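Residue-level structural notes
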Amino acid sequence: MAINYTWDVRTVDVKEIDGNADTVFNVHWRLTGTDDANNDADGNPQAATVYGTQELDTSDLSDFTAFADLTVSDVQGWVETAIGADKITELKASLDAQINELLNPVVQ
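Below: a short report on this structure. (Residues numbered from 1 in each chain as written. Predicted model: local features only at pLDDT ≥ 70, side-chain atom pairs only at ≥ 80, totals over all residues. Heavy atoms only, no water.)

When the terminal C-alpha atoms of helix α2 (residues 85-103) are compared, their 27 Å separation across 19 residues agrees well with the 27 Å that a helix rising 1.5 Å per residue should span. Among the residues making up α2, those that are buried are Ile88, Leu91, Leu95 and Ile99. For α2, the angular spread of the buried residues around the axis is 75 degrees, confining them to a single face. Relative to its buried face, α2 has exposed residues pointing more than 90 degrees away, namely Asp86, Thr89 and Glu90. Of the surrounding elements, those touching the buried residues of α2 are β1 (3-17), β2 (20-39), β3 (45-55) and α1 (72-83). (Helix = DSSP H or I, 4+ residues; strand = E, 2+ residues; numbered from the N terminus. Expected span 1.5 Å × (residues − 1). Buried < 20%, exposed > 50% of the residue type's maximum accessible area, 1.4 Å probe, protein only. Arc of directions from axis to C-beta. Contact = heavy atoms within 4.5 Å.)

This is the structure in structure tokens:
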């Protein structure tokens, strides 16, 4: 089972901070794991999603990027840094377990 992970970080909250209009301070994120090797009965890949919000540290805006110049990659990097590698590993393990449950349901 090879699972691919994708981030959706396109929904953000902004406000003016230190004279910088539309400063991103909060990101609503989704992390989806997709197992393309195992499809459901309709032929769709098995998938699971976790989601949350991540407040960003806006105490140092010396490298401020105007909202119009932001990329999804920029925002994803901020979220991954703020969440931390250990937590991301936990999130991915949770997605793996959810997909495994879809593939191998426990009957009680």
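What follows deals with the packing of aromatic side chains. One pass over the structure, following the stated rule, counts 1 aromatic pair. A cation sits over an aromatic face here: arginine 30 above tyrosine 51, 5.2 Å from the ring centre. (Phe/Tyr/Trp six-rings, centres within 6.5 Å; stacked < 30°, edge-to-face > 60°. Lys NZ or Arg CZ within 6 Å of the ring centre and 35° of its normal.)

For the rest of this paragraph, the subject is the nonpolar core. Trp7, Val9, Val27, Trp29, Leu31 and Val79 are the most contacted members of the largest nonpolar core, which has 18 residues in total. Those elements giving two or more residues to this core turn out to be β1, β2, β3, α1 and α2. Not counting residues within four places of it along the chain, the set of residues in contact with leucine 31 comprises Tyr5, Thr6, Trp7, Ala48, Thr49, Val50, Leu91, Lys92 and Leu95. (Core = buried A, V, L, I, M, F, W, Y, C linked by side-chain atoms within 4.5 Å.)

Quick look at the pattern of salt bridges now. Inspection of every chain in the model, using the stated rule, returns 2 salt bridges. Close ionic contact of glutamate 90 with lysine 87 constitutes a salt bridge, the shortest N to O distance being 3.9 Å. A residue pair is termed a helical-turn pair when its members lie 3 or 4 positions apart in one helix, as glutamate 90 and lysine 87 do in helix α2 at 3 residues. (Salt bridge = Lys/Arg side-chain N within 4 Å of Asp/Glu carboxyl O.)

Summarising the sheet, β1 and β2 pair through 12 bridges and their orientation is antiparallel. Along β2, the bridge assignment pairs valine 14 with valine 24. Pairing of β2 with β3, which is carried by 11 bridges, proceeds in the antiparallel orientation. Residue aspartate 35 lies in a different strand from β3, and its bridge partner there is glutamine 46. The antiparallel hairpin formed by β2 and β3 contains 5 residues in its connecting segment, where glycine 43 sits at a positive phi of about 85 degrees. (Pairing = 2+ DSSP bridges.)

By themselves, these figures tell us nothing about what the structure is for.
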